[in-house]
Amino acid sequence: MPLSLYDKLVDANTVRRLEGGEQILLYIDRTVLNEYTSPQAFTGLREAGRRVWRPEASLAVVDHVNPTAARRMREIADSQAAAQVDYFERNARDFGIELFDILDPRQGIEHVVATEIGFILPGMVVAAGDSHTTTYGALGALGFGIGTSDIEHYLATQTVIYRRLKTMRVTVGGKISAGVSAKDIIMAFIRSIGADGAVGYAIEFAGAAIEALGVEGRMTICNMAVEAGARGAIVAPDDKVFAYLKYTPRAPNGAMWEQAEAYWRTLKSDPGTVFNREVALDASAIAPLVTWGTSPDQAVAIDDIVPNPARETNPTRRAGMVRALEYMGLEPGTPMEAVRIGHAFIGSCTNARIDDLRDAASVLLGHRVAPGVRAMVVPGSSEVRRVAEAEGLDRVFLDAGFEWRQSGCSMCLAMNDDVLGPGERCASSTNRNFEGRQGTGARTHLMSPAMVAAAAVAGHLADVRKFEIKA
Amino acid sequence: MQPLTEIRGRAAPMQAAHIDTDVIMPKQFLKGIDRAGLGDKVFFDQRYDSVGAPRQDFILNREAWRDSRFLIVGPNFGCGSSREHAVWGLMQFGIRALIGTSFAGIFNDNCRSNGLLTVTLPADQIAMLLAHAGDPARNMLMLDLASQEMTVVHNGTVIAFEIDARRKRALLVGLDAIGTTLQDAQAIGQFEATRRTAYRWL
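> What exactly am I supposed to notice about the overall build of chain A here?
Counting its regular elements, chain A contains 15 helices and 19 strands. Relative to the compact-globule value of 23 Å for 471 residues, chain A shows a C-alpha radius of gyration of 21 Å, a close match. Overall, the C-alpha framework of chain A stretches about 55 × 55 × 45 Å when taken along its three principal axes. Residues classed as buried in chain A amount to 59% of the 471 residues present. Counted over contacts in chain A with a minimum sequence separation of 6, partners at least 24 positions apart contribute 77%.

This is how it looks when you write it as structure tokens:
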């Protein structure tokens, strides 16, 4: 029977099927740990007197609570956050796990760091304590998020209890237009299928528009697939992936690279594979999107208007729209381009890699941030920051009036000191526009990095396609 | 994990779709290194106003629902962040079972790990339960895990539900998942050795 890539990866890592039920024992090749979802897992190990099964399969990265002020410091004013970082460092040391701490030149957002150093490779199965672990699908690895109890289970056994998902193939045909990016493709997908449209599924993204994207664009897509409920999102690895990995510090080299690449080239769904669900999207029909509500599927094209709940026939959806509009302080019928912002944020594991910063900088060149807008760039990693500085992108951002900050999760979820106040409105290159996500009462509009840049200059949500590019 | 056999108590309706874990447990309460103290933080921004006073329009703040053991929830409950703090908070508040049409994947696994029962039912049964849950005179439920049935106490309606057999057994005995898996340590070790021989770069 022809098999999907997802099923092949699950089969390859199945230790055994568990009796009585549909669960399997799934071997995990790698994890990345962070300071906020792991502490109770380590405490559990300590209390039970258990060791870590394979410490070298784990990498510990401080990313969620660290400040991102331009000058790096080991100290954190927030005593709870400081205690988390201290305990994280102690756990890494006591259990023999490699740690990238705040001052490490390799520090960054876990999903940016793990890919740029070649810690994650095609064909791996990766489970980690962060929902955006789906990012690794862009390299042809199966990545999925787990909770703290399952982190503890992984650490002690190198496995998780797993239940096989249904498969969905999303074929994105055609070609994206100028001003449209990977972020718009995934936002268009989430809008079309709904925030629960892929619950219970693993997605394989395919088609000409996906093949045409760079590896980082595919990461944006796989990363945000979880916002449709997918617990896994894969793109079959190709030459672009192999070129991306070839010179990363931890990729295999020499004869082992040859052997690995030969294997990686076999990682694709068999011809004739029947997926449980097929979805098709036309990339040429996608416009730059912005969210208007508090769920990632509540999005419209930038040249559209705030929708009217009265026209929604499904009562649950209508109630959700009414509540979202009240929270967001928006009136039906308002043009999205008329929505004024006070903040612009470029960052997150979704959109803070070097391609994202290049996109945003190309829009900003020769422009200034509008008066009254606080704009910041938080690079995805220290390495991204260094590359950007070598290219002079920091000057473009600073000259435009953006803050050029250190790396971390920052205002994507506002666990550190980058927090918005009640009612403050932000154009954001992040992944979740949930109530309270960027601060209690804060209002988030999701969009691509280029669109955030355009909004920062305009002072309101703006169509990057109409924007005067001076570069 | 504590064994779970039966649950008896009130149900509260929470029918909005896509209630995410940021809403269930806001980020300001994720900075602990233990699991404690989350019961009065669950749904914090919906429960309390800007000066910290309980909002009377929030269902779990109202007298009739304050001691609820069940939540009847809308689709995709628990979506978003993997934070298990959401489950810890719900359980510390006193919730023992969530009943809805669908649950987000990571959240559902986190419930499993902590012995918080999730029951998936068709939309028409959820609509019926929501109607009961919204009325304090009719919102008592009894759930028996062994027989996979719940009963609406005031009128005796019985609803059967499905649950994975292994998950059910784990809940009934309060299984130590890690201890159980470690009984397979030899199989895991052999699997690992074979895999790392075939794919030496792993």
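> When you look at the overall build of chain B in this model, what are you seeing that I'm missing?
Each helix and strand counted, chain B has 8 helices and 7 strands in total. Each principal axis of the C-alpha distribution contributes one length, and for chain B these read about 65 × 45 × 25 Å. Sorting the 202 residues of chain B into buried and exposed places 40% on the buried side. Considering only residue pairs separated by 6 or more positions, chain B has 66% of its internal contacts joining residues 24 or more positions apart.

> Any chance you could explain the sheet that holds strand β11 (residues 233-234) of chain A here in plain terms?
Two strands in a sheet stick together by hydrogen bonds in their backbones, pointing the same way (parallel) or opposite ways (antiparallel). Residues and elements named next belong to chain A. Spatially, the 4 strands line up as an open sheet ordered β11-β10-β9-β12, and their pairing is parallel. The strands lining the two open edges of the sheet, one partner per strand, are β11 and β12 (277-282). The strands touched by helix α6 (residues 182-193) are β9 (166-173) and β12; relative to β12, the strand with the most contacts, the crossing angle is about 130°.

> So what exactly am I meant to see when it comes to the packing of α6 of chain A against helix α8 (residues 215-224) of chain A here?
The relative placement of two packed helices is expressed as an angle between their axes plus a distance between the axes. Residue and element names in this part refer to chain A. Remark: α6 packs on α8, axes separated minimally by 8 Å, with the N-to-C direction vectors making an angle of 25°. One finds that α6 runs roughly parallel with respect to α8. In this structure, α6 meets α8 at a crossing whose hand is right-handed. Along its contact with α6, which presents Ala-182, Lys-183, Ile-185, Ile-186 and Ile-190, the element α8 presents Gly-217, Thr-220, Ile-221 and Met-224. Per-class residue counts for the contact of α6 with α8 are 6 nonpolar, 2 polar and 1 charged.

> Teacher, can you tell me more about the nonpolar core here?
If you look at soluble globular proteins, the nonpolar side chains tend to sit buried side by side. Ala-225, Val-452 and Ala-455 of chain A are the most contacted members of the largest nonpolar core, which has 206 residues in total. With 9 residues, helix α15 (residues 449-458) of chain A is the largest single contributor of residues to this core.

> Would you mind going over the domain arrangement of chain A with me for this structure?
Frequently, the measure chosen for interface size is the accessible area removed from exposure when the parts meet. Residues and elements named next belong to chain A. Here chain A is partitioned into domain 1 (1-287) and domain 2 (289-466). Here the C-alpha centre of domain 2 lies 24 Å away from the C-alpha centre of domain 1. Counting from both sides, the interface comprises 43 residues of domain 1 and, opposite them, 39 residues of domain 2. The set of elements that each furnish at least two residues to the side of domain 1 that touches domain 2 consists of α4 (110-116), α6 and α8. The residue makeup of the side of domain 1 that touches domain 2, split by class, is 18 nonpolar, 15 polar and 10 charged.

> Would you mind showing me how to read the interface of chain A and chain B here?
Taken residue by residue, the interface counts 60 residues in chain A and 52 residues in chain B. Elements represented by at least two residues in the side of chain A that touches chain B include exactly β1 (14-17), β2 (23-27), α2 (39-48), α3 (79-95), α5 (148-157), β8 (159-163), α10 (255-264) and α11 (315-328) of chain A. Residues that form the side of chain A that touches chain B fall into these classes: 25 nonpolar, 24 polar and 11 charged.

> In this structure, what is going on with helix α14 (residues 393-400) of chain A? I would like to understand it.
An α-helical turn contains 3.6 residues, so any two residues separated by three or four positions project in the same direction. Residue and element names in this part refer to chain A. Looking at α14, one finds that the buried residues are Leu-393, Val-396, Phe-397 and Ala-400. Taken end-on, α14 shows its buried residues confined to a sector of 95°, consistent with a single buried face. As for α14, its buried residues are in contact with α12 (354-364), β16 (374-377), α13 (382-391) and β17 (403-404). Among the residues trailing α14, Gly-401 stands out with phi positive, at a value near 100°.

> Got a minute to help me understand the environment of Pro-335 of chain A in this structure?
All names here are of chain A. Summarising the element assignment, Pro-335 is placed in the loop between α11 and β15 (343-346). Its 13 C-beta neighbours within 10 Å are what place Pro-335 among the partly exposed residues. Residues Pro-335 and Gly-421 lie 86 residues apart in sequence; the distance between their C-alpha atoms is 24 Å.

> Sorry, what's going on with the sheet that holds β1 of chain A here?
Residues and elements named next belong to chain A. A sheet is described by the order of its strands in space; here 3 strands give the open sequence β1-β2-β8, paired in antiparallel fashion. Edge positions in the open sheet fall to β1 and β8, since each of these has one partner strand only. Between one strand and the next, the sheet's axes are offset by a mean angle of 30°, whatever the strand orientation. Bridge count for β1 against β2 is 3 bridges, and the pairing is antiparallel. Note that in β2 the partner of Arg-16 across the bridge is Leu-25.

> Hey, could you run me through the pairing of strand β4 (residues 117-120) of chain B in this one?
Residues in a regular strand point their side chains to alternate faces of the sheet. Residues and elements named next belong to chain B. Two elements, strand β3 (residues 97-100) and β4, share 4 bridges in a ladder whose sense is parallel. Across the sheet, residue Ala-97 finds its bridge partner in β4, namely Leu-117. Of the crossover connections in this fold, the one passing from β3 over helix α4 (residues 105-114) to the parallel β4 is right-handed.

Rules and cut-offs
- Residues numbered from 1 in each chain as written.
- Chains lettered and ligands numbered in written order.
- Predicted model: local features only at pLDDT ≥ 70, side-chain atom pairs only at ≥ 80, totals over all residues.
- Helix = DSSP H or I, 4+ residues; strand = E, 2+ residues; numbered from the N terminus.
- Rg over C-alpha atoms; globule rule 2.2 N^0.38 Å.
- Buried ≥ 20, exposed ≤ 12 C-beta atoms within 10 Å, placed from the backbone.
- Contact = placed C-beta atoms within 7 Å.
- Pairing = 2+ DSSP bridges.
- Axes fitted to C-alpha atoms, helices over the stretch in contact; angles between N-to-C directions.
- Parallel < 35°, antiparallel > 145°, perpendicular 65-115°, else oblique.
- Left-handed = near helix turned anticlockwise from the far one by under 90°.
- Nonpolar A, V, L, I, M, F, W, Y, C, P; charged D, E, K, R; others polar.
- Core = buried A, V, L, I, M, F, W, Y, C linked by C-beta atoms within 7 Å.
- Domains from an automatic or database assignment.
- Arc of directions from axis to C-beta.
- Right-handed = clockwise from strand over helix to strand, strands pointing away.

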